[in-house]
Amino acid sequence: MTAPTQNTTSRITRFRKLSVAGIATAGAAAAALTLAPSPAHAAPVSANASASQVLAAHAPAAKKAKKQYAGNLDGWIKEALDIMKSKNIPGTYEGLHRNIMRESSGNPNAQNNWDVNAQNGTPSKGLLQVIQPTFDAYHVAGTPHDLTDPVANITAAANYAADKYGSIDNVDSAY
């Protein structure tokens with residue numbers, strides 16, 4: 001077999017470049033089709049749109065997806081903070097966490113059966129040990145109307161603390 005000529009080598013090189021470009025384009029198109037919503041939900045896109053244009057056309061829909069939170073103390077605090085921010089209720093992660101640990105040790109089912117509220121038939125409940133009348137008065141719309149729901153308990157208590165003390169961050173003892 002004879003050695004390839006310069007002309008043959010350049011044709012092979014061009015062929016390889018075209019093949020790689022073709023594979024990359026096909027892969028991008030496949031990714032766009034995989035990530036795009038069904039035709040019933042898809043925004044109109046030009047037939048010769050690039051993969052990045054297709055993905056960009058659907059980016060707003062992806063941003064509307066509901067944020068997911070962990071089903072634990074960290075997640076409850078983060079979800080409560082997002083709700084508090086949207087309702088202009090002041091407070092920080094540190095302030096909430098410090099008060100939760102003091103009041104319930106992070107147990108959303110904690111209930112105080114011995115203080116004056118309990119003796120009067122209204123025990124403090126939940127992560128931030130809120131009594132039902134306070135919860136009802138300071139309940140934050142958009143959260144469950146359930147005193148022991150972790151996020152509802154946190155937001156109602158933070159709303160109460162903001163009204164009485166300026167912020168949950170200013171609370172350093174039973175409130």
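Note: the structure precedes this text.
Note that this is a predicted model, so its numbers are computed, not measured.

Observations regarding the overall build of the protein
Along the backbone of the protein there are eight helices and two strands. Its helices and strands taken in sequence order, the protein reads α-α-α-α-α-β-α-β-α-α from the N to the C terminus. Per-residue burial over the protein gives 30% buried out of 175 residues. Across the protein, the fraction of contacts at a sequence separation of at least 24, relative to all contacts at a separation of at least 6, is 43%. Approximately 11100 Å² of the protein is accessible, and the part contributed by carbon and sulfur atoms is 57%.

Section: the side chain of Ser167
You can see Ser167 is positioned in the segment after α8 (150-165). When sequence neighbours within four positions are dropped, the list of residues in contact with Ser167 reads Pro90, Gly91, Ala161 and Ala162.

Quick word on α8
With 16 residues, α8 extends 21 Å between its outermost C-alpha atoms, agreeing within 8% with the 22 Å of an ideal straight helix rising 1.5 Å per residue. Taking burial as the measure, the 16 residues of α8 include twelve buried ones, the bulk of the element. Regarding α8, the residues found buried are Pro150, Val151, Ala152, Asn153, Ile154, Thr155, Ala156, Ala157, Ala158, Tyr160, Ala161 and Ala162. Tucked into the core, α8 has its buried residues touching α4 (73-86), α5 (93-104), β2 (124-125) and α7 (132-138). The distance from a side-chain oxygen at the start of α8 to the backbone nitrogen of Val151 is 3.2 Å, and the residue carrying that oxygen is Asp149. Looking one or two residues past α8, Gly166 carries a phi angle of roughly 95°, positive in sign.

Re the pattern of salt bridges
Scanning the entire structure with this criterion turns up five salt bridges. Between Arg98 and Asp172 there is a salt bridge, with its nearest N and O atoms 2.7 Å apart. A residue pair is termed long-range when its members are at least 10 positions apart, and Arg98 in helix α5 and Asp172 in the segment after α8 qualify at 74 residues. Accessibility expressed as a relative area gives 33% for Arg98, which makes it partly exposed. The class for Asp172 is exposed, based on a relative accessible area of 59%.

Quick look at the packing of α4 against α5
Close contact between α4 and α5 brings their axes to 10 Å; oriented N to C, the two are set at 130°. It follows from the interaxial angle that α4 and α5 lie oblique. The interaxial crossing formed by α4 with α5 has right-handed handedness. Together, Leu73, Asp74, Ile77, Lys78, Leu81 and Met84 of α4 and Tyr93, Leu96, His97, Ile100 and Met101 of α5 make up the contact between the two elements. Split into classes, the residues belonging to the contact of α4 with α5 amount to eight nonpolar, one polar and two charged.

Points about the packing of aromatic side chains
For the structure on display, the rule yields one aromatic pair. Pairing Tyr138 with Tyr160 gives two aromatic rings, centres 5.2 Å apart and planes at 80°, and the pair type is edge-to-face. Residue Tyr138 is located in helix α7, and its partner Tyr160 is located in helix α8; the two are separated by 22 residues in the primary sequence. Exposure class is identical for Tyr138 and Tyr160. Each is buried.

What counts, and where the lines are drawn
- Residues numbered from 1 in each chain as written.
- Predicted model: local features only at pLDDT ≥ 70, side-chain atom pairs only at ≥ 80, totals over all residues.
- Heavy atoms only, no water.
- Helix = DSSP H or I, 4+ residues; strand = E, 2+ residues; numbered from the N terminus.
- Buried < 20%, exposed > 50% of the residue type's maximum accessible area, 1.4 Å probe, protein only.
- Contact = heavy atoms within 4.5 Å.
- Areas by Shrake-Rupley, 256 points an atom, 1.4 Å probe, with all protein chains shown as cover.
- Expected span 1.5 Å × (residues − 1).
- Polar contact = N/O pair within 3.5 Å; in protein donor to acceptor, adjacent residues only side chain to side chain.
- Salt bridge = Lys/Arg side-chain N within 4 Å of Asp/Glu carboxyl O.
- Axes fitted to C-alpha atoms, helices over the stretch in contact; angles between N-to-C directions.
- Parallel < 35°, antiparallel > 145°, perpendicular 65-115°, else oblique.
- Left-handed = near helix turned anticlockwise from the far one by under 90°.
- Nonpolar A, V, L, I, M, F, W, Y, C, P; charged D, E, K, R; others polar.
- Phe/Tyr/Trp six-rings, centres within 6.5 Å; stacked < 30°, edge-to-face > 60°.

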